[in-house]
Amino acid sequence: MTDTIRWDKDADGIVVLTMDDPNQSANTMNRDYAASMAAAVDRLEAEKDGITGVVITSAKKTFFAGGDLKDMIEATPDQAQDGFDFITGIKAQLRRLETLGKPVVAAINGAALGGGLEIALACHHRIAADVKGSQIGLPEVTLGLLPGGGGVTRTVRLLGIQNALLNVLLQGQRHKPAKALEVGLVHELVGSVDELLPKAKEWIKANPQAAQPWDTDGYKIPGGSPSNPRFAANLPAFPANLRKQLKGANMPAPKAILSAAVEGAQVDIDTALVIESRYLIELLSGQVAKNMIKAFFFDLQHINSGGSRPDGYEKYTARKVGVLGAGMMGAGIAYVCARGGMEVVLKDVSQEAAEKGRNYSVKLFDKAVSRGRTTREKADETLARIHPTEKAEDLAGCDLVIEAVFESPELKHKVFAEIEDVVAPDALLGSNTSTLPITGLAEGVKRQEDFIGLHFFSPVDKMPLLEIIVGERTSDATLAKAFDVAQQIKKTPIVVNDSRGFFTSLVIGTFINEAIAMVAEGVHPASVEQAGSQAGYPAPPLQLMDELTLTLPQKIRKETKAGVIAAGGEWVVHASEPLVDRMVDEFGRKGRSSGAGFYEYGEDGKRTRLWPGLVEHFTKDGHEIPFEDMKERMLFAEALETVKCFDEGVLRSVPDANIGSIMGIGFPPWTGGVIQYINGYEGGVAGFVARARELAQRYGDHFQPPASLVAKAENGEKFE
Amino acid sequence: MPTEAFVYDAIRTPRGRGKKTGSLHGTKPISLVVGLIDELRKRNPTLDVDRVSDLLLGVVTPIGDQGSDIAKTAAIAAGLPDTVGGVQLNRFCASGLEAVNMAAQKVRAGWDEVVIGGGVESMSRVTMGSDGGAWAMDPATAYDTYFVPQGVGADLIATIEGFSREDVDTYALRSQQLAAKAWAGDYFRNSIVPVVDQNGLTILDRDEHMRPESTLEGLGKLPASFAAIGDMGGFDAVALQKYHYVEKIDHVHSAGNSSGIVDGAALVLVGSEQAGKDMGLTPRARIVATATSGADSTIMLTGPIPATEKLLATTGLTTDDIDLFELNEAFASVVLNYQRKLRIPDEKLNVNGGAIAMGHPLGATGAMLVGTMIDELERREARRALVTLCIGGGMGVATLIERV
């Protein structure tokens, strides 16, 4: 065992326990920690009479990072007893610490997330250094887990059931130290790490009799527990509202957290801690936590650490960007680039249009200032970097160009031609297109190796993803630069190869088409929307189609179809096509922007209800298919299309597929992304293949699993 | 052949408004029950209480005043012999009918001779739902089982069946008018036992929840009762996740077309033919058969349909063979849906109004309806009546009685 906790006792009898795992850059709740903490607590109890108090702190940049996710993602149901015993042991130590009879203070020097905060919660007093980058919270829920090291039990007793759920547990907020103080997670702040120990020792001297509130006579849970009639009156709405928020998606963690919080509030703390452990083990044994840990920890880490970036190129920082086109996308791109520290030249055909694009940023900053998210000075400083113009010569010196004009190859060629010789000779040339093949667009410029696709998602300021498309002639150096630009503007980059629709646009289309096909078959449109929501999609498919407009995919389809036929191929008609055509051509319902689509819209543009004509024209009375089939038809359509993207070489890595699908096109987070969905499906890849075949038999050949996937299933391999 | 279970008497208190200003708010639930036991003995002087083996009482919120087996407590307080047992039972809104059914089953089994079944609920004194329970109060259970309050289920029935606000209000108006007519005609005189105090002073001698002056226009102005909890409480979303083909719930139920919250109690004296003969009591009706069934727990209020179908199958009868149907008026849509699905003619259904007009003292109502039906069968000289109630959890219980 490696000792991860240092013991220092000062002349006043105060013991400082410094957590410092020599094997890792951050302290985690691994077996070394468990043994070290056990030893520390044993010694504290043995030497209690000579001890005035205890301070717990860390020698790392962060306080403590939490559980060991490498272990957790491997947990299986048959290890339940082991896991339960381990977490029981961890909690028993902390319980002994808080009932030691001596004041214990957490000196939180840096981020205390998950297990870190749980250790601190077992201390009588928490002092946090208000330093940059420090975050305090219990984000377990974001990985499909619950804070099972006492986090649920102690926050409920500290803050009350409702506040603990809303401010800490159900969203897993990562609070800055000042916010953590406001929420009540810490007791006081100091301005620097150096002030922590003196302050902690001062508190120990002033509070020799410290005990936890919940170990004090007459303690009641703030805000009441279920035995309190006023609290009980609202309690039935808790699970109902949770279901409403989750839209019925397969998210077991929030439900487990709510259950552990409420059940724990009805019993003593020791029993509550056990209840919490049982729910944690249930989550750890399940598939959803594994999916979410894979995507949101390991895949994201792989991407952020440059897993898809070619090696050997120096880190690039863009200084001056020329954004071509100041429409909605261009305006958003200008905003994120300015925030990324670049000078931005925002060009459109007229000064007026360019100014309008800049105004988008003005509005966003006004909002941020009014909500206290930034200061007026900082906002003005950033805004001053955005220069609207109609003149190509203003792009002189730009080392980055991002084109965001209409989706027309001719127009894109034209705008690049205008600026190609104006910008820096080695400027990165990026095109924001959602579907047009990059290789073809690159033909409009002289330096085709410097040309790359930068597919932003709308609204640019909110959507976290950037899909980088590598054309046939795009160089590795260019890709590395593009990757660095993405990180400079705080977007998560995925890298794909060139083809029509790339990865994201192609795959999202299959989701919507499958939904429309179901409506065309005669399934009630309300059922289709519920199926989308309950599958876990952020927006139900018909609603989404209305936002995207029905004419857009119609146009793309017609172009693609023409392409396929021109190349001598055969076009396979998807069941959604006749319905879309009737909606547009016969009923004149083109989507939200035209005031009529799958939904009806009021005078104010608000969605009012599904258009009754859908039921009238398409729904077949008594046509019922299993609800599970409705959900899985959408999920499978996307997953199968993704496999084809790998087959065709469009996709380069599983992390890119998983993260791209979740962050770019709303594939349900509980799945861990579109490939993890296949790997994690019941029965693994083989289970997925079997189910795909069943769906193919029921709903059409487009569900037949590709040969590459069948081979994996037969060999018992995962998709990696 | 098992022995028949005869009903020798059926009595009830009037129903007091279930709030502080209600006439029975100052009267303890045990006093309501003891008053009825006294009356039962008074009206049936030859009843040999030593032959009574048990008192079964339905109570839906069995805590506080109504807790700790109020049935045995009432038996002791009323001075019944030590040998008379008492059991409190809870089948939510059908508790009172369940008590009568179980009394009949005990007698038909031949293991008991005379059993009193009934129920009591002082809703003004013990708040509905205040007994907690896992279904609504345990998040893990509520989440997984799609729990929603009954009113949202009633509105969901209306939405699915297309009952408009006017439809349900029209039904409510009918309930008020028929109840008023029944009271004016003194149809309930055999059953109603005024509640008196220890000095013999009358506290309440008629159902005080009724609003015979109701109009369709007035009813239409009442706010929807379940729209706010449906939205803010998240329950609409829960129901729609299960009933995925419904886009939105139309909240049509109000205080005017839902059952009233009231205080009251009822008792039904059930015994074997032989015991009745021995004591010189005349049977009024026979409990022919009972049925328990259920349907989806989220929509919750459609259980009377399968319960009725089961009862008809058990007895080999059709709806045409039944003279009167009494379905508790928990919510107007429940009755309209039942009527539509089973094709019950208007003139056979809830002929003297119901809980919308007179109120629904949860634990007692089922027993009250048995008495109401016996009275009406006698008045009409008709033969068969079917009593049923919708029940929490989606259950349905139905009982067939026959005048003898």
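Bear in mind the structure is a predicted one, so any value in this text is a computation, not a measurement. (Residues numbered from 1 in each chain as written. Chains lettered and ligands numbered in written order. Predicted model: local features only at pLDDT ≥ 70, side-chain atom pairs only at ≥ 80, totals over all residues. Heavy atoms only, no water.)

Novice: Even after reading the chapter, I still don't get the sheet that holds strand β3 (residues 53-58) of chain A, so can you show me in this structure?
Specialist: For sheets, the rule is that strands pair by backbone hydrogen bonds, running either parallel or antiparallel. Residue and element names in this part refer to chain A. If you walk across this open sheet you meet the 6 strands as β1-β2-β3-β4-β6-β9, and the pairing is mixed. With partners counted over all chains shown, the strands left at the sheet margins are β1 (5-9) and β9 (188-190), one partner each. For this sheet the average axis-to-axis angle between neighbouring strands, irrespective of direction, equals 20°. Bridging between strand β6 (residues 125-129) and β9 involves 3 bridges; their strand directions are parallel. Along β9, the bridge assignment pairs Ala128 with Leu189. (Pairing = 2+ DSSP bridges. Helix = DSSP H or I, 4+ residues; strand = E, 2+ residues; numbered from the N terminus. Axes fitted to C-alpha atoms, helices over the stretch in contact; angles between N-to-C directions.)

Novice: Please clarify how the nonpolar core should be interpreted in this entry.
Specialist: If you look at soluble globular proteins, the nonpolar side chains tend to sit buried side by side. All names here are of chain A. Counting 100 residues, the largest nonpolar core has Phe503, Phe598, Phe636, Tyr677, Phe688 and Leu709 as its most contacted members. A per-element tally of this core places helix α26 (residues 627-647) first, with 11 residues. In contact with Phe636, not counting residues within four places along its chain, are Tyr677, Tyr681, Phe688, Arg691, Ala692, Leu695 and Phe703. (Core = buried A, V, L, I, M, F, W, Y, C linked by side-chain atoms within 4.5 Å. Buried < 20%, exposed > 50% of the residue type's maximum accessible area, 1.4 Å probe, protein only. Contact = heavy atoms within 4.5 Å.)

Novice: Explain unusual backbone geometry here, please?
Specialist: Leaving glycine aside, a negative phi is the common case for residues, and trans is the common case for peptide bonds. Each neighbour pair has its own omega, and for Ser458 of chain A with Pro459 of chain A the value is -5°, a cis peptide bond. Its identity as a non-glycine residue notwithstanding, Phe92 of chain B has a phi of 45°, on the positive side. Looking at the element boundaries, Phe92 of chain B is found in the loop between β4 (85-89) and α3 (95-109). Residue classification places Phe92 of chain B among the partly exposed positions, given a relative accessible area of 33%. The residue Asp186 of chain B is not glycine, and still its phi comes out positive at about 60°. Its location among the elements puts Asp186 of chain B in the loop between α7 (165-184) and β6 (195-196). Of the residues examined, Asp186 of chain B reaches a relative accessible area of 38% and is grouped as partly exposed.

Novice: Just checking my understanding: could you explain empty space enclosed by the protein for this structure?
Specialist: Per the counting criterion, the structure on display carries 5 cavities of 30 Å³ or more. Taken as a whole, the largest cavity holds about 50 Å³ of empty space. Around the largest cavity, the lining residues are Pro236, Pro239, Ala240 and Arg243 of chain A together with Ala142, Tyr143, Tyr146, Phe147, Phe235 and Val238 of chain B. For the lining of the largest cavity, the elements supplying multiple residues, two or more each, are α10 (237-246) of chain A together with α5 (139-145) and α10 (235-242) of chain B. A total of 3 residues in the lining of the largest cavity trace back to one element, the largest contributor, which is α10 of chain A. In the lining of the largest cavity, the residues fall into 9 nonpolar, no polar and 1 charged. (1 Å grid on protein atoms, 1.4 Å probe; cavity = no way out; pocket = protein on both sides within 12 Å on 5 of 7 lines; lining within 4 Å. Points joined across faces, edges and corners; volume = space filled by probe spheres on them. Nonpolar A, V, L, I, M, F, W, Y, C, P; charged D, E, K, R; others polar.)

Novice: Mind showing me how you'd approach the interface of chain A and chain B here?
Specialist: Buried accessible area, meaning the area lost when the parts come together, often serves as the stated size of an interface. The partner chain B presents 23 residues to the 29 residues of chain A that form the contact. In this assembly, chain A packs against chain B so that about 2200 Å² is buried in total across both faces, 59% of it on carbon and sulfur atoms. One can count 2 salt bridges joining chain A with chain B. The partner of Lys255 of chain A in a salt bridge is Asp144 of chain B, and the shortest N-O contact between them spans 2.6 Å. (Buried area = accessible area lost by both parts, 1.4 Å probe. Salt bridge = Lys/Arg side-chain N within 4 Å of Asp/Glu carboxyl O.)

Novice: Before we go on, may I ask you to explain the environment of Thr372 of chain B in this structure?
Specialist: Residues and elements named next belong to chain B. By the element assignment, Thr372 lies in helix α15 (residues 365-380). We classify Thr372 as buried; its relative accessible area is 8%. For Thr372 and Asp54, which are 318 residues apart along the polypeptide, the C-alpha to C-alpha distance reads 23 Å.

Novice: Is there a simple way to think about the state of the cysteines in this case?
Specialist: By definition, a disulfide links two cysteine residues through a covalent bond between their sulfur atoms. For the structure shown, the criterion picks out 0 disulfides over all chains. Cys337 of chain A carries a free sulfur, and the closest cysteine sulfur to it, the one in Cys398 of chain A, is 10 Å from it. Cys390 of chain B carries a free sulfur, and the closest cysteine sulfur to it, the one in Cys93 of chain B, is 6.3 Å from it. The exposure class assigned to Cys390 of chain B is buried, which follows from its relative accessible area of 2%. (Disulfide = S-S within 2.5 Å.)

Novice: Sorry, what's going on with the pattern of salt bridges here?
Specialist: Close approach of charged atoms allows side chains with opposite charge to pair. Summed over the entire model, instances satisfying the criterion amount to 68 salt bridges over all chains. Notably, a salt bridge pairs Asp20 of chain A with Lys60 of chain A, separated by 3.0 Å at the nearest N-O pair. On the criterion of sequence distance, the pair formed by Asp20 of chain A in the loop between β2 (14-19) and α1 (31-46) and Lys60 of chain A in the loop between β3 and α2 (69-72) is long-range, its members being 40 residues apart. Of the charged contacts in the structure, one is a salt bridge between Lys221 of chain B and Glu217 of chain B, with a shortest N-O distance of 3.7 Å. Judged by relative accessible area, which is 63%, Lys221 of chain B ranks as exposed. The network of salt bridges with shared partners includes Asp9, Glu39, Lys42, Arg43, Arg284, Asp375 and Glu378 of chain B.

Novice: I would appreciate a short explanation of the packing of aromatic side chains in the present structure.
Specialist: What describes a pair of aromatic rings is the distance from one ring centre to the other and the angle between the planes of the rings. One pass over the full model with this rule turns up 23 aromatic pairs over all chains. For the pair Phe667 of chain A and Tyr677 of chain A, a centre-to-centre distance of 5.9 Å together with 70° between the ring planes defines the contact as edge-to-face. Here the residue Phe667 of chain A occupies a position in the loop between α27 (654-665) and α28 (674-680), and Tyr677 of chain A occupies one in helix α28, the gap between them amounting to 10 residues. You'll find Phe667 of chain A and Tyr677 of chain A in the same group, each marked buried. Taken together, a centroid distance of 6.3 Å and an interplanar angle of 90° make the contact between Phe147 of chain B and Phe235 of chain B edge-to-face. Taken together, the positions of Phe147 of chain B in the loop between α5 and α6 (150-161) and Phe235 of chain B in helix α10 put the pair 88 residues apart, joining distant regions of the chain. (Phe/Tyr/Trp six-rings, centres within 6.5 Å; stacked < 30°, edge-to-face > 60°.)

Novice: Would you mind showing me how to read the side chain of Arg95 of chain A here?
Specialist: Residues and elements named next belong to chain A. Within the fold, Arg95 resides in helix α3 (residues 80-98). Using a relative accessible area of 13% as the deciding quantity, one classes Arg95 as buried. Within the structure, Arg95 has its side chain in polar contact with the side chain of Asp215 (distance 2.7 Å). In contact with Arg95, not counting residues within four places along its chain, are Arg154, Trp214, Asp215, Ile269, Asp270 and Leu273. (Polar contact = N/O pair within 3.5 Å; in protein donor to acceptor, adjacent residues only side chain to side chain.)

Novice: What should I look at first to understand the pairing of strand β5 (residues 114-122) of chain B in this one?
Specialist: Residues in a regular strand project their side chains so that they alternate between the two faces of the sheet. Residue and element names in this part refer to chain B. Within β5, 9 of the 9 residues are buried, which leaves it mostly tucked inside the rest of the structure. Here β5 shows a buried face lined by Val114, Ile116, Gly118, Val120 and Ser122 and a second buried face lined by Val115, Gly117, Gly119 and Glu121. As defined by bridge partners, strand β3 (residues 52-58) adjoins β5 across 6 bridges and the pair is classed as parallel. For Leu57, the partnering residue across the bridge sits in β5 and is Gly118. Strand direction decides the pairing type here: β5 and strand β8 (residues 262-272), joined by 9 bridges, are antiparallel. When the sheet's bridge partners are listed, Val115 is paired in β8 with Val270.

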